[in-house]
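Structural overview
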Amino acid sequence: MSDGDVPTKKSKAEGSPPAKKKKGMALYTKILIGMAVGVGLGLLFGPNSFLLPQSGVTLTPAAQIVLEKGGETVAPWSGGVRMARIVEEADDGQWLKVQWTLTAPDLLKARKGKPDSAPASLTADGNPAQVGAVLKGWVKNDPGAATRYAPIGQTIVDWTEWIGLLFLAMIKMVVVPLVFLSLVVGVASLGDFRKLGRLGGRTIGYFLGTTLMALTIGVLLANIFQPGRVLSAEDKARMLASYSSGAGDKITSAANAPSFVDQLISIVPTNPVNALASGDMLQVIFFALMLGIALTFLKNNRAQLVVDVFDRLNEAVVMLVHMAMYIAPFGVAALLFKVVGSTGLSVLFALGYYALVVLLGLGLHVAITYGLTIRFGARLPVIKFLGAIKEALLVAFSTSSSSATLPVTKECCEDNLNVSPGVTSFVLPLGATVNMDGTALYQGVAAIFIAQIYLPESGPGALTIMDQVTIVGSATLASVGAAGVPGAGMITLALVLTAVGIPVEGIALILGVDRILDMFRTATNVAGDSTATAFMARLEGEDLRIMSDEEDAANPDAGFEGRLAAGPHPVPTDHE
Ligand code: ASP
């Protein structure tokens, strides 16, 4: 495919008037400031803040509340993970007196087996036992059962969370129309399906190769550093107690993976509208490809109108991306405030070594696999390349969703790297759906970490070389199966663990740091998709070029700077 075969960016081809250099801060600087503010405020004023009074407690299913300190009478409490308020500490902090609001499940559980018991028998401190009543009781101050937090910090999280969610919703809104429209236009204007087939074959081959490379790095590092052997028995018990209920819900949803043939057939949407409505990305890609191909078979230029309409709509949808990016600095601040504020430092200490092994692996994969591909495949300078996709990396890191980041990644690749929309509209959506090197690498490390904790070091029951090969194979599939949404990699990790017979409840061990690691692996996933896009474009003979920050600031029609600067142009209509 030569440059002329695929649509190139019209705005850039036509060029824009050499605008005056835009003043003001660049968008990525604003995003970076937003991130720093979110992290700083999260540490200082989040639920785990050391500045604020830690007068709340999160109780896990391991918590047992009794009406009298050290007594036997169990309070009406349905278990699960719940928040309560600390009203008193006793015996050097060994016991906490907590106050909570009675729910219907609490009452039901307390009444189980004693149908005749009058509600009055369930009271504590003279409160009537009705739903909504405030009860008090004692719980042992054991980290596995009770984790303290600052209620003020939690309130700030609750009040500010909407800003991050609003930003996320704004960019997610664009994903399905963008993928659909740009792919139909891209394929229709391509015309030559051998080229499409070649691009598809190369892309899938490359995705597979880099995923295997990521897993090799992850599995090797986990064997060299043995993170599972350094977790103390105490920390292990604590993690299992604190997180087991959360893991349970996640694991069940990963069960019953469909067969390969079923999965393949399910890519064809029996109802394309449904595929678009539910955002099933592989189905949307398939339908857009087929529709684009079908358009090229229409005679007498009859497809032109449709392609033009889709193309214009696509341009409008791209504008929506830039409108969403307008609030990105606030959005990432709110997202990071929540993540940083809610991650306990004690968990980070206990799992720090494991987390470092994952981060080292991700760093090596980016430096070696992507570094070499960028340098020798795409023939671009590596650091400048990473600089050109910085907006996508920052959004991926803050949102932990490569699928939500897709519109930003697409803009980065097209505008900042000059990849044609014909290549980005195929490689990026496919990559955001199936190519997750960061996720695969993390799954390799996590599976071996959990195996090191549960399985003997040697002898019968120990992990064999064959098991490690199985981990590589199953994690490849599990990473393909993981959706580009937060935490998806941890859910499909259950498939990897089951494949080698590692206890699935071990996922509870890593839950505490998963959100933080998710940010890094998502950024890696997005870097991987962008690298693949640039490499594929180069193989198709495209002329790649990195746009500098100065050029971006000077050209309002490309890059992230000044895109909305010209203001709205009302569209005239025929009718009055
Ligand atoms: N959050 C990741 C992504 O969107 C997937 C995962 O590893 O959980 O790319």
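Residues numbered from 1 in each chain as written. Predicted model: local features only at pLDDT ≥ 70, side-chain atom pairs only at ≥ 80, totals over all residues. Heavy atoms only, no water.

The subject of this paragraph is the overall build of the chain. Summing up its helical and strand segments, the chain has 21 helices and five strands in all. Relative to its full complement of 576 residues, the chain shows a buried share of 50%. Summarising the internal contacts of the chain: among those between residues at least 6 apart in sequence, 81% fall at separations of at least 24. In the structure as shown, the chain presents an accessible area of about 26,100 Å², 64% of it carried by carbon and sulfur atoms. (Helix = DSSP H or I, 4+ residues; strand = E, 2+ residues; numbered from the N terminus. Buried < 20%, exposed > 50% of the residue type's maximum accessible area, 1.4 Å probe, protein only. Contact = heavy atoms within 4.5 Å. Areas by Shrake-Rupley, 256 points an atom, 1.4 Å probe, with all protein chains shown as cover.)

Turning our attention to the site of the ligand. Lining the immediate surroundings of the ligand are 16 residues, of which Ser402, Thr439, Gly489, Asp518 and Arg521 lie closest. Within the contact set of the ligand, a nitrogen atom lies 2.9 Å away from a backbone nitrogen or oxygen of Ser400. Gly489 places a polar main-chain atom, nitrogen or oxygen, 2.7 Å from an oxygen atom of the ligand. Burial of the ligand by the protein chains amounts to 100% of its free accessible area of 270 Å². Where the shell around the ligand is concerned, the elements lending two or more residues are helix H19 (488-500) and helix H20 (507-539). It is H20 that contributes the most residues to the shell around the ligand, four residues altogether. Along the lines of polarity and charge, the residues of the shell around the ligand split into five nonpolar, nine polar and two charged. (Near = heavy atom within 4 Å. Polar contact = N/O pair within 3.5 Å; in protein donor to acceptor, adjacent residues only side chain to side chain. Nonpolar A, V, L, I, M, F, W, Y, C, P; charged D, E, K, R; others polar.)

Next up on the list: the nonpolar core. Counting 81 residues, the largest nonpolar core has Ile31, Phe167, Met325, Val408, Leu417 and Val427 as the members making the most contacts within it. Residues Ala222, Ile448, Leu455 and Val496 belong to the second largest nonpolar core, which totals 45 residues. (Core = buried A, V, L, I, M, F, W, Y, C linked by side-chain atoms within 4.5 Å.)

Further remarks concern the pattern of salt bridges. Counted under the stated rule, the structure contains 11 salt bridges. For Arg563, the salt bridge goes to Glu411, with nearest N and O atoms at 3.6 Å. Of this pair, Arg563 sits in the segment after helix H21 (549-554) while Glu411 sits in helix H15 (residues 402-416), and the two are 152 residues apart along the sequence. Residues Arg563 and Glu411 agree in their burial class; the two are buried. For Arg521, the salt bridge is made with Asp518, and the minimal N-O distance between the two is 3.5 Å. You can see Arg521 and its partner Asp518 sitting in helix H20, three residues apart, about one turn around the helix. An identical accessibility class is assigned to Arg521 and Asp518; each is buried. (Salt bridge = Lys/Arg side-chain N within 4 Å of Asp/Glu carboxyl O.)

So, about helix H16 (residues 421-434). Look at H16: 20 Å from first C-alpha to last across 14 residues, which is about the 20 Å you get at 1.5 Å a residue. Taken across its 14 residues, H16 has 14 buried, putting it largely inside the fold. (Expected span 1.5 Å × (residues − 1).)

Inspection of every chain in the model, using the stated rule, returns two cavities of 30 Å³ or more. Estimated volume of the largest cavity: approximately 60 Å³. Thr439, Ala483, Val485, Asp518 and Asn525 are the residues nearest the centre of the largest cavity, which is lined by 15 residues in total. Put simply, the parts of the chain that give the lining of the largest cavity at least two residues each are H19 and H20. For the lining of the largest cavity, the leading source of residues is H20, giving four residues. Among the residues making up the lining of the largest cavity, the classes are represented as four nonpolar, nine polar and two charged. (1 Å grid on protein atoms, 1.4 Å probe; cavity = no way out; pocket = protein on both sides within 12 Å on 5 of 7 lines; lining within 4 Å. Points joined across faces, edges and corners; volume = space filled by probe spheres on them.)

In the structure shown here, the tally under the stated rule is six aromatic pairs. Their ring planes at 10° and their centres at 5.8 Å tell us that Phe180 and Phe287 sit as a pair that is stacked. Remark: Phe287 occurs in helix H9 (residues 281-297) and Phe180 occurs in helix H4 (residues 151-190); sequence separation between them is 107 residues. Given a relative accessible area of 11%, Phe180 falls into the buried group. Linked through ring pairs, Phe180, Phe287 and Phe310 together constitute an aromatic cluster. Positioned over the ring face of Tyr442 is Arg521, at 3.9 Å from the centre of the ring. (Phe/Tyr/Trp six-rings, centres within 6.5 Å; stacked < 30°, edge-to-face > 60°. Lys NZ or Arg CZ within 6 Å of the ring centre and 35° of its normal.)

It is generally the case that most residues other than glycine have a negative phi and that most peptide bonds are trans. In this structure, Arg379 takes a positive phi of about 55° despite not being glycine. Assignment of secondary structure puts Arg379 in the loop between helix H12 (345-377) and helix H13 (382-388). The phi dihedral of Ser400 is positive, around 55°, even though this residue is not glycine. Tracing the chain through its elements places Ser400 in the loop between helix H14 (390-399) and H15.

This paragraph deals with the packing of H15 against H20. For the pair H15 and H20, interaxial distance at closest approach is 10 Å and the crossing angle is 40°. Classed by the angle they form, the pair H15 and H20 counts as oblique. Along this stretch, H15 crosses H20, giving a crossing that reads as right-handed. Every residue of H20 that contacts H15 at Ser402, Thr405, Thr409 and Cys413 is listed here: Thr522, Val526, Ser530 and Thr533. (Axes fitted to C-alpha atoms, helices over the stretch in contact; angles between N-to-C directions. Parallel < 35°, antiparallel > 145°, perpendicular 65-115°, else oblique. Left-handed = near helix turned anticlockwise from the far one by under 90°.)

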